Amino acid sequence: MKIFLIGFMGSGKTYWGKLWAEAGKLSFFDLDALIEEQEKKSVTKIFEENGEAYFRQQETAMLSTFSNKENFILACGGGAACFNDNIKWMNENGTTIYLKANANQILERVLSEQNSRPLIKNLNKAELLFFIEQKLKEREPFYSQAKIILDTKELNDKTLSKLLNP
Ligand code: S3P
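Residues numbered from 1 in each chain as written. Predicted model: local features only at pLDDT ≥ 70, side-chain atom pairs only at ≥ 80, totals over all residues. Heavy atoms only, no water.

1. Comments concerning the pairing of strand β1 (residues 2-6)
For step 1, the next point in the chain: Most of β1 sits out of view: five of its five residues are buried.
For step 2, the next point in the chain: Residues Lys2, Phe4 and Ile6 line one face of β1 and the alternating positions Ile3 and Leu5 line the opposite face, and both faces are buried.
For step 3, the next point in the chain: The pairing of β1 with strand β4 (residues 95-100) spans four bridges and is parallel. Directly across from Phe4, in β4, lies its bridge partner Thr96. (Buried < 20%, exposed > 50% of the residue type's maximum accessible area, 1.4 Å probe, protein only. Helix = DSSP H or I, 4+ residues; strand = E, 2+ residues; numbered from the N terminus. Pairing = 2+ DSSP bridges.)

2. Structural notes on the packing of helix α2 (residues 31-39) against helix α4 (residues 52-64)
For step 1, the next point in the chain: Across the interface, α2 lies against α4 with an axial gap of 10 Å and an inter-helix angle of 110°. Between α2 and α4, the crossing angle belongs to the class labelled roughly perpendicular. Counting all contacts with α2, which are made through Leu31, Asp32, Leu34, Ile35, Gln38 and Glu39, the residues of α4 involved are Tyr54, Phe55, Gln58, Glu59, Met62 and Leu63.
For step 2, the next point in the chain: Here the contact of α2 with α4 is composed, by residue class, of seven nonpolar, two polar and three charged. (Axes fitted to C-alpha atoms, helices over the stretch in contact; angles between N-to-C directions. Parallel < 35°, antiparallel > 145°, perpendicular 65-115°, else oblique. Contact = heavy atoms within 4.5 Å. Nonpolar A, V, L, I, M, F, W, Y, C, P; charged D, E, K, R; others polar.)

3. Focus on the sheet that holds strand β3 (residues 72-75)
For step 1, the next point in the chain: Reading across from one edge, β2-β3-β1-β4-β5 is the order of the five strands in this open sheet, with parallel pairing throughout. If you trace the sheet from one side to the other, it starts and ends with β2 (27-30) and β5 (148-151), each paired once. Neighbour to neighbour, the strand axes of the sheet diverge by 20° on average, direction disregarded.
For step 2, the next point in the chain: Contacting β1, β2, β3, β4 and β5, helix α1 (residues 13-23) runs over the sheet at an angle of about 165° to β2.

4. Observations regarding the side chain of Lys13
For step 1, the next point in the chain: Mapped onto the elements, Lys13 comes out in helix α1.
For step 2, the next point in the chain: In this structure Lys13 is buried but unpaired, with Asp32 as the nearest side chain of opposite charge at 6.4 Å.
For step 3, the next point in the chain: A distance of 3.5 Å separates a polar side-chain atom of Lys13 from the backbone oxygen of Phe8. (Lys, Arg positive; Asp, Glu negative; His and termini not counted. Salt bridge = Lys/Arg side-chain N within 4 Å of Asp/Glu carboxyl O. Polar contact = N/O pair within 3.5 Å; in protein donor to acceptor, adjacent residues only side chain to side chain.)

5. Things to note about the site of the ligand
For step 1, the next point in the chain: Surveying the vicinity of the ligand reveals 13 residues, the closest of which are Lys13, Asp32, Arg56, Arg117 and Arg139.
For step 2, the next point in the chain: One of the side-chain nitrogen or oxygen atoms of Lys13 is found 2.5 Å away from an oxygen atom of the ligand.
For step 3, the next point in the chain: Within the backbone of Gly78, one N or O atom sits 2.8 Å away from an oxygen atom of the ligand.
For step 4, the next point in the chain: Compared with its free state, where it exposes 390 Å², the ligand has 94% of that area covered by protein.
For step 5, the next point in the chain: Of the pockets mapped on this structure, the ligand occupies the largest pocket.
For step 6, the next point in the chain: Of the residues that constitute the shell around the ligand, the class distribution is five nonpolar, three polar and five charged. (Near = heavy atom within 4 Å. Areas by Shrake-Rupley, 256 points an atom, 1.4 Å probe, with all protein chains shown as cover. 1 Å grid on protein atoms, 1.4 Å probe; cavity = no way out; pocket = protein on both sides within 12 Å on 5 of 7 lines; lining within 4 Å. Sits in = over half its atoms within 2 Å of the grid points.)

In structure tokens, the structure reads:
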């Protein structure tokens with residue numbers, strides 16, 4: 001079982017990924033955390049010092065290391081599915097699950113953690129909502145290529161096991 005969790009910042013990929021991995025006896029990984037470990041700096045620092053293009057390269061390279069792993073859930077950063085044909089690669093190499101949230105839900109979730117997210121760090125609340133709405137529109141065509149789409153309002157700790165063992 002190889003599961004790639006995708007979706008916008010604040011959609012709960014890390015939260016649900018950890019819970020579901022534990023329930024399903026799968027390993028949990030977080031793509032951002034793996035990149036931070038390798039680069040020995042935070043995603044925010046990588047964006048500041050190396051630029052977004054560099055981060056996207058690292059993201060794609062780190063993703064490719066999962067071709068020879070098994071039995072895992074990988075929480076991917078919000079942009080991971082939207083660059084370098086990564087969504088195609090994920091679909092060819094495992095099961096993609098899109099955690100679908102609307103702009104207002106995302107706004108509430110990310111407001112408290114803005115500083116750890118370089119793309120939204122310096123925006124006020126109104127700008128943030130506008131940014132989320134625009135980016136969601138732009139990214140939806142990538143996210144919606146996922147094999148499974150789950151509405152974040154309907155998730156619980158058994159969602160994944162029910163899905164896998166109906
Ligand atoms: C990003 C989302 C972040 C992180 C980086 C860029 C994006 O991950 O990869 O800040 O482009 O949406 P989360 O979705 O885990 O916040």
